[in-house]
2 protein chains.
Amino acid sequence: MTACDETHDPRRRSWVATANRDGADFPIQNLPFGVFSPAGRAPRFGIAIGDSILDVGAAHAAGLLIGAAAEGAEAAQGGALNALFALPASVRTELRRQVVALLDAAAPPRPELLHDGAACRLHLPTEVRNYTDFFAGIHHARAAGALLAPDNPLPSNYKWVPIAYHGRASSVRASGSEVRRPQGQRAPRSGGDGRPGFGPSQLLDLELEMGFYIGPGNDLGDPIPVAEAGERIVGFCLLNDWSARDIQRWEMVPLGPFLSKSFSTTVSPWVVTSDALRPFRVPAMVRPEGDPAPLDHLLDGADQEAGGLDVELTVWLSTARMRAEGQGPTVIITSNAQYLYWTPAQMVAHHSSGGCNLLPGDLLGTGTISGPTRAQLSSLLELTMGGREPVTLPNGEQRGFLADGDEVTFTARCRRDGFVPIGFGACTGTIVP
Amino acid sequence: MTACDETHDPRRRSWVATANRDGADFPIQNLPFGVFSPAGRAPRFGIAIGDSILDVGAAHAAGLLIGAAAEGAEAAQGGALNALFALPASVRTELRRQVVALLDAAAPPRPELLHDGAACRLHLPTEVRNYTDFFAGIHHARAAGALLAPDNPLPSNYKWVPIAYHGRASSVRASGSEVRRPQGQRAPRSGGDGRPGFGPSQLLDLELEMGFYIGPGNDLGDPIPVAEAGERIVGFCLLNDWSARDIQRWEMVPLGPFLSKSFSTTVSPWVVTSDALRPFRVPAMVRPEGDPAPLDHLLDGADQEAGGLDVELTVWLSTARMRAEGQGPTVIITSNAQYLYWTPAQMVAHHSSGGCNLLPGDLLGTGTISGPTRAQLSSLLELTMGGREPVTLPNGEQRGFLADGDEVTFTARCRRDGFVPIGFGACTGTIVP
């Protein structure tokens, strides 16, 4: 899974100058897949390079892609990549390989194939037919569990079952969309008239997650073995599982979260491919002494060795007042995907283990990726102890939960000695009343 | 909502003779919508009449539909009715009205527009983009709650919140599909080694529900008021929410049912329209003395008066041995949709109340519709007290839960003095190993 090849060569540069800058999210070693619209034109398949977007269809029309790469480009016509994702992983690998060659500094520059990323609109990469959200961040499970259910901080099944629930597919949105504060029911006030309240959520929260997209799926009744599950994952994004804690607390027993999370889910629009992430794979989380080994159907040697992800995650907050006063966003949380108790492959294997069919383009979320330290608690619920210990921002503002006008941005970065760092782009949403 | 018109006239007969038989599910007063394939041909829009199916596209091609009805037929081209459902309710009402006239005994017979239903394959009526399952059967909530969580048979939010969870859309199948017994984890045996088991579910169950399809949806952030929610429902079907109780018990805390229900959901393929059901609407369940009134956003006078449904529901079981011995299926459960604590309109209003967007063709399930008596307990979990009191079948076989080879069929019927009874067709699934 982690075998690196010439596409990861750190010496490689692109004729797209912005791709070669220190700190670029999208150097030639990355090349994430997405769907974009140039101003006033129809959505199409793009690959990000520096500050630009390569129009893959235009490259194909110019005769620059051959064989499997041409097949991939053809499958990606229209405004969603589901049909491309349905093809074998080798097609996408070859497509990325040919695009590396096309954008290499040694190749003839073809600026006519590029669009200025800042002038384009970015869309969801797939038509998300199914969205599932896991609960694989054990530090989150423990910290949030203690607040929502003090008697039972870590569910007894946690170390055996990659716990998940079906999320709402229709309300997944690409970065940059506004997030309207939801209305909903909250528990009756103690000492009140016993009636639940109804109104705008007062405890609106973010959850820092990664998302990943399914490639070739499986037929109903035909589980994906864990050893094959990794290669079914096309790539990764950042995901904000916006959560209304007051609504959640009241509604979630016994069938789980519903309206508290279905008003909006935001993803970063670029799919950072499993191929681009090869240098940044790490062993699965080492289970603490005393924790059980996963059951056989979730256990694969190669996955244990390199199924984890070393992705540095950062949460930025910008309030309306900060923007009015000309201040930039401030970091409120940092974490790392290494804190996931279950690997993405284990999540895919579990999801399909009972026969449930995964479709190409389906979106899976990891669950909130909190780390062991206070600054790594990856939702405000945890970070502020349920709002009791608000965060103080540089301008003196305080936040227990999110206020109208707050803009939340996730960014991420992979670094490893001997490789060019890559990023994910931004996952941004702004709270509106 | 309940205003009947000439399409409900009990004197009306059709030139399709099987539609006029006593006990027909699909008399001319019904005319449910669906998608069918004649042998070896592509899926298309059909309306059931007696034992036949009207090819609506062929009727339109023959110039027999005009105005809104023609518009509806055009939207329904292809193998799914989502685009038809996206149109205003008046389009479907007019389409049904013109098809009544076309099939009326006084009209010239056009047998060339019909297909023999028994020779056709029936499909899901829509591409189900989102599937949500409610928990609106209060007798079920109490009976199942007592078995799964004895301390808390009825959750404290039950009488305020139309509880629901997101179901798995990809595994919804039309009647007649095989249901493969899922594998999964179950809780560690008491006195065992503390490890959960993994293998085929030993407690496979049915759940008797109704399903309904969304017509014109709502934009993200734009709730559907309860007074408008009823008209967003295109029509109803029967739904079997197959459930693996051993998997469910182990996985469902804290985020709800996941793999225990996502291996298969079966629906009857015909959408019995809200128009056809007008004569059979009844008041919402009368809440027992002491129960609170619904909150304002779930309360509408017209919905309270006629938002309920009087649908008699029957569960039939046929075992492999019964079929081998030439015995027909036996009734094991009967119930009625009147036992729902929340109306379908309240479910739609709740679902969208936080801003979640419903899409045309989305499927909502009511939850298991148990009644107050033992014979009305609408899952084996409840009926057999968790398997402890198995049901004895006429041939002496016993069932605590479902065995391989068991064929489960739901049927339903609406009756009211002065109206022709209508049915729903069958919702059937057979358990395979």
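Cut-off values and rules
Residues numbered from 1 in each chain as written. Chains lettered and ligands numbered in written order. Predicted model: local features only at pLDDT ≥ 70, side-chain atom pairs only at ≥ 80, totals over all residues. Heavy atoms only, no water. Helix = DSSP H or I, 4+ residues; strand = E, 2+ residues; numbered from the N terminus. Rg over C-alpha atoms; globule rule 2.2 N^0.38 Å. Buried < 20%, exposed > 50% of the residue type's maximum accessible area, 1.4 Å probe, protein only. Contact = heavy atoms within 4.5 Å. Areas by Shrake-Rupley, 256 points an atom, 1.4 Å probe, with all protein chains shown as cover. Lys, Arg positive; Asp, Glu negative; His and termini not counted. Charge placed at Lys NZ, Arg CZ, Asp CG, Glu CD. Core = buried A, V, L, I, M, F, W, Y, C linked by side-chain atoms within 4.5 Å. Phe/Tyr/Trp six-rings, centres within 6.5 Å; stacked < 30°, edge-to-face > 60°. Lys NZ or Arg CZ within 6 Å of the ring centre and 35° of its normal. Least-squares fit on C-alpha atoms with pLDDT ≥ 70 in both. Domains from an automatic or database assignment. Buried area = accessible area lost by both parts, 1.4 Å probe. Salt bridge = Lys/Arg side-chain N within 4 Å of Asp/Glu carboxyl O. Polar contact = N/O pair within 3.5 Å; in protein donor to acceptor, adjacent residues only side chain to side chain. Nonpolar A, V, L, I, M, F, W, Y, C, P; charged D, E, K, R; others polar. UniProt positions renumbered as here; feature names shortened; annotations may be inferred. Pairing = 2+ DSSP bridges. Axes fitted to C-alpha atoms, helices over the stretch in contact; angles between N-to-C directions.

Under an unreviewed UniProt entry, the name given to chain A is fumarylacetoacetase, and the organism recorded is Inquilinus ginsengisoli.

Caption draft 1: Seen up close, the overall build of chain A. What chain A contains, in helices and strands, is eleven helices and 27 strands. A compact globule built from 433 residues would reach a C-alpha radius of gyration of about 22 Å, and chain A, at 21 Å, matches this within 12%. Its C-alpha atoms put chain A at 75 × 55 × 40 Å along the principal axes. Of all 433 residues assigned to chain A, the portion counted as buried reaches 62%. For chain A, the share of sequence-separated contacts (at least 6 apart) that also reach a separation of at least 24 residues comes to 74%. Carbon and sulfur atoms provide 52% of the accessible area of chain A, an area that totals close to 15,000 Å². Each charge class in chain A can be summarised by its mean position, and for the 36 positive and 46 negative side chains these summaries are 5 Å apart.

Caption draft 2: Seen up close, the nonpolar core. Counting residues in hydrophobic clusters, the biggest one holds 154 residues, and the most contacted among them are A:Phe424 and B:Phe424. Judged by nonpolar contacts, the second largest core, of 45 residues, contains B:Leu87, B:Leu103, B:Val234 and B:Leu239.

Caption draft 3: The arrangement of the packing of aromatic side chains in detail. The final tally for this structure, using the stated rule, is 18 aromatic pairs over all chains. Arranged with centres 5.8 Å apart and planes meeting at 50 degrees, the rings of B:Tyr158 and B:Tyr341 form a pair that is tilted. On the criterion of sequence distance, the pair formed by B:Tyr158 in the loop between helix 5 (138–148) and strand 7 (164–166) and B:Tyr341 in the loop between strand 21 (330–336) and helix 10 (344–353) is long-range, its members being 183 residues apart. For B:Tyr158, a relative accessible area of 0% translates into the label buried. Each member of the aromatic cluster is reached from another via a ring pair, and the members are A:Phe135, A:Tyr158, A:Tyr341 and A:Trp342. A cation over a ring is seen here: A:Arg287 above A:Trp342, with NZ or CZ 4.6 Å from the ring centre.

Caption draft 4: Examining the relation of the copies chain B and chain A more closely. For the match of chain B to chain A, the screw axis carries a shift of 0.0 Å, the RMSD comes to 0.0 Å, and the turn is 180 degrees. Classification of the inter-copy transformation places it as that of a two-fold axis. Considering only C-alpha atoms, the residue of chain B closest to the rotation axis is B:Gly256, which sits at 2.2 Å. A share of 100% of interface residues in chain B that are also interface residues in chain A marks the association as one of identical surfaces.

Caption draft 5: Helix 10 of chain B, seen in detail. Residue and element names in this part refer to chain B. Most of helix 10 sits inside the fold, with ten of its ten residues counted as buried. Buried residues of helix 10: Pro344, Ala345, Gln346, Met347, Val348, Ala349, His350, His351, Ser352 and Ser353, and no others. A positive phi of about 110 degrees marks glycine 355, the residue just after helix 10.

Caption draft 6: Quick look at the domain arrangement of chain A. Residue and element names in this part refer to chain A. Split by domain assignment, chain A resolves into domain 1 (6–123) and domain 2 (131–432). Distance between the C-alpha centres of domain 1 and domain 2: 28 Å. Listed as interface residues are 28 residues of domain 1 and, on the opposing side, 28 residues of domain 2. Between domain 1 and domain 2, roughly 2,100 Å² of surface is buried when both sides are summed, and carbon and sulfur atoms account for 65% of that area. Linking domain 1 with domain 2 are one salt bridge, by the criterion used here. Residues aspartate 25 and arginine 413 are paired through a salt bridge, measuring 3.2 Å at the closest nitrogen-oxygen approach. At the surface where domain 1 touches domain 2, the tally comes to nine residue pairs in polar contact (both at pLDDT 80 or more). Those elements that provide at least two residues to the side of domain 1 that touches domain 2 are strand 1 (33–37), strand 2 (44–49), helix 3 (82–86), helix 4 (89–103) and strand 5 (121–123). Sorting elements by how many residues they give to the side of domain 1 that touches domain 2 places helix 4 first, with four residues. Tallied by class, the residues present in the side of domain 1 that touches domain 2 amount to 16 nonpolar, nine polar and three charged.

Caption draft 7: Main features of the UniProt feature "domain: Fumarylacetoacetase N-terminal" (unreviewed entry) in chain A. Mapped onto this numbering, the UniProt entry annotates "domain: Fumarylacetoacetase N-terminal" (unreviewed entry) at residues 29–125 of chain A. Secondary structure across residues 29–125 of chain A comprises 36% helix and 22% strand; the distance between its end C-alpha atoms is 20 Å.

Caption draft 8: Just the UniProt feature "domain: Fumarylacetoacetase-like C-terminal" (unreviewed entry) in chain A, in detail. If you check UniProt for "domain: Fumarylacetoacetase-like C-terminal" (unreviewed entry), the listed places come out as residues 135–431 of chain A in our numbering. A distance of 24 Å separates the end C-alpha atoms of residues 135–431 of chain A, which is 16% helix and 27% strand.

Caption draft 9: Just the interface of chain B and chain A, in detail. Each partner contributes to the interface: chain B provides 58 residues, whereas chain A provides 59 residues. Note that A:Arg168 and B:Asp362 form a salt bridge whose closest N and O atoms lie 2.8 Å from each other. Classifying every residue of the side of chain B that touches chain A gives 28 nonpolar, 22 polar and eight charged.

Caption draft 10: Quick peek at helix 2 (residues 67–75) of chain B. Here helix 2 of chain B has its buried residues at B:Ala69, B:Ala70, B:Gly72, B:Ala73 and B:Ala75. Structurally, helix 2 of chain B contributes buried residues whose contacts are with helix 1 (56–61), helix 3 (82–86) and helix 4 (89–103) of chain B.

Caption draft 11: Local environment of the pairing of strand 25 (residues 407–414) of chain B. Residue and element names in this part refer to chain B. Counting buried residues along strand 25, six of its eight residues qualify, which places the element largely inside the surrounding structure. In terms of strand pairing, strand 20 (residues 312–318) meets strand 25 through seven bridges, oriented antiparallel. Paired with leucine 317 across the bridge in strand 25 is valine 408. With four bridges connecting them, strand 25 and strand 27 (residues 427–432) associate as antiparallel partners. Along strand 27, the bridge assignment pairs valine 408 with glycine 429. Across two bridges, strand 25 lies against strand 26 (residues 422–423) in antiparallel orientation. Bridge pairing links cysteine 414 to isoleucine 422 in strand 26.

Caption draft 12: Local environment of the sheet that holds strand 5 of chain A. Residues and elements named next belong to chain A. Strand order in the open sheet formed by five strands is 4-3-2-1-5, and the pairing between neighbours is antiparallel. At either margin of the open sheet sits one strand with a lone partner, and together these are strand 4 (114–116) and strand 5. Across the sheet, the mean angle separating the axes of adjacent strands is 45 degrees when strand polarity is ignored. Pairing between strand 3 (residues 52–55) and strand 4: three bridges, direction antiparallel. From the neighbouring strand, serine 52 faces strand 4, where its bridge partner is aspartate 116.

Caption draft 13: Inspection of the environment of A:Tyr165 at higher detail. Its location among the elements puts A:Tyr165 in strand 7 (residues 164–166). In this structure, the C-alpha to C-alpha distance between A:Tyr165 and A:Trp242, residues 77 residues apart in sequence, is 15 Å. Discounting residues that sit within four places of it in the chain, A:Tyr165 has contacts with A:Thr132, A:Asp133, A:Asp241, A:Pro257, A:Lys261, B:Leu255 and B:Phe258.

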